[in-house]
Amino acid sequence: MKRRTFIAGLGSLTGASAVAVGTGAFTSVSADRTVAVEVADDSSAFLMFDPGLKSSTNDAFASYEDGQLILDFDETEVGGEGVNHDAVSQFDQVFKLVNRGTQAVNIWFEHDLPGVTFYRFDPDSNSLDGPSNAKIGLAAGGHMKIGVEVDTTASGAGDVDALSGTVTIHASAESPT
């Protein structure tokens, strides 16, 4: 057999084998897998909401109800019955967020409560309201003490006798913006 005929035959055989075997690409796959997800109360979830700050007297305004963190600025044990009209009231270290997950997360709050600001350290420079004010990189195992400011002089707060609503706390490993 001539060498050129042998090489041409070998090349044809290799090409035919590649077509028979294929490239490994696919259009669709459907596969069933087992997934286990545990739903936990705020006190034991991956992002834990902890009202029990031993270093703050303002933790009296945070508690658990039906497994969820509740913030209640209605009354105190010594007779106080709410924040003042036409005033700015700041409550440092009301509760603590603890990252019990496996990676750093960015934290921010969203709500529609006029005059209410959630903050870290200082409401003027460390607001956590909205994705543009996210605290970047709360490390796994780390914690952040959260304060609450209630400004009854703010636009939209009006002459209110009570504020009530829902707050969404975001924790995301992705950039918030």
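Let me begin by describing the structure that accompanies this report.

### A short note on the overall build of the protein chain
When its secondary structure is counted, the protein chain shows one helix and nine strands. Element order for the protein chain, N to C, with α for helix and β for strand: α-β-β-β-β-β-β-β-β-β. Here the protein chain holds 177 residues, and the buried ones make up 31% of them. Restricting the contact set of the protein chain to residue pairs at least 6 apart, pairs at least 24 apart contribute 72%. In the form shown here, the protein chain has an accessible surface area of approximately 12100 Å², with 49% of it arising from carbon and sulfur atoms.

### Points about the sheet that holds strand β7 (residues 135-138)
Pairing in this open sheet of three strands is antiparallel, and the strands run β7-β5-β9 from one edge to the other. Looking along the sheet, the strands with just one partner apiece sit at the ends: β7 and β9 (167-172). Averaged over all pairs of adjacent strands, the angle between their axes in this sheet comes to 30°, without regard to strand direction. Summarising the sheet, strand β5 (residues 105-111) and β9 pair through six bridges and their orientation is antiparallel. Its bridge partner being in β9, histidine 111 is matched across the sheet by valine 167.

### A closer look at the environment of aspartate 59
Here aspartate 59 is to be found in the loop between β1 (47-50) and β2 (62-65). Taking the C-alpha atoms as reference, aspartate 59 lies 9.7 Å from glycine 147; in sequence the two are 88 residues apart.

### What about the layout of surface pockets?
Here the largest pocket defines a volume of roughly 900 Å³. If you go around the largest pocket, you meet 31 residues; those closest to its centre are Leu71, Asp72, Phe73, Leu163 and Ser164. For the lining of the largest pocket, the secondary structure elements donating two or more residues are β3 (68-71), β6 (116-119), β8 (143-151) and β9. Of all the elements, β3 adds the most residues to the lining of the largest pocket, at four residues. Residue composition of the lining of the largest pocket, grouped by class: 18 nonpolar, eight polar and five charged. Among the residues making up the lining of the second largest pocket, the classes are represented as four nonpolar, two polar and four charged.

Definitions and limits used
- Residues numbered from 1 in each chain as written.
- Predicted model: local features only at pLDDT ≥ 70, side-chain atom pairs only at ≥ 80, totals over all residues.
- Heavy atoms only, no water.
- Helix = DSSP H or I, 4+ residues; strand = E, 2+ residues; numbered from the N terminus.
- Buried < 20%, exposed > 50% of the residue type's maximum accessible area, 1.4 Å probe, protein only.
- Contact = heavy atoms within 4.5 Å.
- Areas by Shrake-Rupley, 256 points an atom, 1.4 Å probe, with all protein chains shown as cover.
- Pairing = 2+ DSSP bridges.
- Axes fitted to C-alpha atoms, helices over the stretch in contact; angles between N-to-C directions.
- 1 Å grid on protein atoms, 1.4 Å probe; cavity = no way out; pocket = protein on both sides within 12 Å on 5 of 7 lines; lining within 4 Å.
- Points joined across faces, edges and corners; volume = space filled by probe spheres on them.
- Nonpolar A, V, L, I, M, F, W, Y, C, P; charged D, E, K, R; others polar.

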